[in-house]
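Examining the three-dimensional arrangement
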Amino acid sequence: MNLRHRFFSIAFFSLFFSYSFSEDIPFTGEEPPAPYTKITEEDLVKIETPKFISPRGAKSPEEENKIKFDNEIWQQYQKDLERYAKIKNLPPHFPIEKIRELPVAFFYTYTVKNDSENYLDTFNGLYARLQQKQGTLATINHISSPDDVKPGMNLILPLAQGLFIPKKANSTLEILLQKEYASQITEKTHMYEIKGEEFYFLPEKSFSQTQIAFFHDKGMILPLSKKIVTSEFGYRTSPISGTWKFHAGIDLAAPIGTEVYACKSGTVVAIADKTEHPLYGKYIDIQHNGNTTSRYAHLSQILVRKGQTVSTGQTIGLVGTTGASTGPHLHFEVRENGTPTDPTKQIKNWK
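Residues numbered from 1 in each chain as written. Predicted model: local features only at pLDDT ≥ 70, side-chain atom pairs only at ≥ 80, totals over all residues. Heavy atoms only, no water.

Some remarks on the sheet that holds strand 2 (residues 44-47)
The strand order 2-3-4 describes an open sheet built from three strands, whose pairing is mixed. Unpaired on one side and paired on the other, strand 2 and strand 4 (154-158) mark the two borders of the sheet. Mean inter-strand twist for the sheet, computed between neighbouring axes without regard to direction, equals 30°. Relative to strand 4, strand 3 (residues 107-111) is paired through five bridges, and the arrangement is antiparallel. Within strand 4, the residue paired with T111 across the bridge is N154. Contacts from helix 2 (residues 61-88) reach strand 2, strand 3 and strand 4, with the element oriented near 125° to strand 2. (Pairing = 2+ DSSP bridges. Helix = DSSP H or I, 4+ residues; strand = E, 2+ residues; numbered from the N terminus. Axes fitted to C-alpha atoms, helices over the stretch in contact; angles between N-to-C directions. Contact = heavy atoms within 4.5 Å.)

Printed below as a string of structure tokens:
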């Protein structure tokens, strides 16, 4: 790798002075806006060691040279962050020829290490050590929760701090960000294509307090105020057919009209309200971060709509006895990639 690798053109550099926002043209998500910058693997400089390591004690000259080179890249990254901070604060149309120190690269990468003892390569450790804003590091790398950061994950580290809103949302958090910032994404919003994927860039934007709470939300809560389990997860004799049958969730007894809560923040992806399901009756499906969904069935009333973003503990419906039900209760399911899992293993403080 050549540290002084291929530099960006003046046209690319000028993007830092061209941000202009308008509330007249709402985001449609259809046509790429201008300006447009394409970032490939060749444009990324890889950081191997985000800390200084002494070359003393190296076993060979080759190892010593590698340590020096890795340290040089880390130091270059820190210098580039400082240089960019100066550049972005320059007035519009500042003569480029007067700028003597430009960043070597505008995007770096770092591969998360297995660091179970020091906890430096956790999300919280990385964003602080790499001097990235939480929202910047999370959005450009599709991180929906701190738990998403795993050893071997290749992180993109931009010098420009802000929110990178993906054109195609892949998680509840990204859907939430698209909706919240829709009015701020216009035909003049800068778009990046990074390794084939498109992002709208909102410079200097950070996670709001609501988004931070959503991002750090861990575990699920009980969807009712009281825990009265009448049927557990797994095989059982069906109270409807009398046959030995797999029960994909748990049943929680409660009077008709009892409030049902979202077990975790997410997006309502399906409801059966006007046309009741023959088995589940009136039900709600919520998609959470990743491929986790929860289902709330046999409801008497649904209080949310499809596509709505809900928060942990929000009232989404009322207990009923619709569908194949022998009495008032909530049938609660949790699925991972479509496969039913035991909800009691995911609800925090279940015991």
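Quick look at the environment of D43
Assignment of secondary structure puts D43 in the loop between strand 1 (36-39) and strand 2. Distance in space between the C-alpha atoms of D43 and F106 is 8.1 Å, their sequence separation being 63 residues.

Section: a nonpolar patch on the surface
A cluster of nonpolar residues, Y235, W244 and F246, forms a patch on the protein surface that exposes about 410 Å² of accessible area. Its place among the elements puts Y235 in strand 9 (residues 234-237). (Patch = residues over 30% accessible without salt bridge, like charges linked within 9 Å, V, L, I, M, F, W, Y side chains within 5 Å. Areas by Shrake-Rupley, 256 points an atom, 1.4 Å probe, with all protein chains shown as cover. Salt bridge = Lys/Arg side-chain N within 4 Å of Asp/Glu carboxyl O.)

Re the packing of aromatic side chains
Under the counting rule described, the total for this entry stands at 15 aromatic pairs. Each ring, one from W74 and one from Y77, has its centre 5.7 Å from the other, and the planes form 25°; the classification is stacked. With a gap of three residues between them, W74 and Y77 both fall in helix 2, about one helical turn apart. The rings of F107, F164, Y192, F199 and F201 are connected pair by pair, giving a single aromatic cluster. Over the aromatic face of W350 sits the side chain of K227, whose NZ or CZ is 4.5 Å from the ring centroid. (Phe/Tyr/Trp six-rings, centres within 6.5 Å; stacked < 30°, edge-to-face > 60°. Lys NZ or Arg CZ within 6 Å of the ring centre and 35° of its normal.)

Notes on the pattern of salt bridges
If you walk through the whole model with that rule in mind, you get eleven salt bridges. The partner of K195 in a salt bridge is E41, and the shortest N-O contact between them spans 3.6 Å. Of this pair, K195 sits in the loop between strand 6 (191-194) and strand 7 (197-203) while E41 sits in the loop between strand 1 and strand 2, placing them 154 residues apart in sequence. Note on K195: relative accessible area 40%, which makes it partly exposed. (Buried < 20%, exposed > 50% of the residue type's maximum accessible area, 1.4 Å probe, protein only.)

What about the nonpolar core?
General note: in soluble globular proteins, nonpolar side chains tend to be found buried as a group. In this structure, I47, Y77, F107, Y108, L157, I165 and I194 are the most contacted members of the largest nonpolar core, which totals 47 residues. With five residues, helix 2 is the single largest residue contributor to this core. When neighbours within four sequence positions are excluded, L157 is seen to be in contact with I47, Y77, F106, F107, Y108, T109, Y110, L130, Q132 and L137. Counting 24 residues, the second-largest nonpolar core is a separate cluster that includes L252, V268, I316 and W350. (Core = buried A, V, L, I, M, F, W, Y, C linked by side-chain atoms within 4.5 Å.)

Looking at helix 2
Counted at 1.5 Å a residue, the expected span for helix 2 with its 28 residues is 40 Å, and the 40 Å between its end C-alpha atoms agrees. All of the buried residues in helix 2 are I67, D70, N71, I73, W74, Q76, Y77, D80, L81, R83, Y84 and I87. (Expected span 1.5 Å × (residues − 1).)

In short, the description is geometric, and any link to function would need to be established separately.
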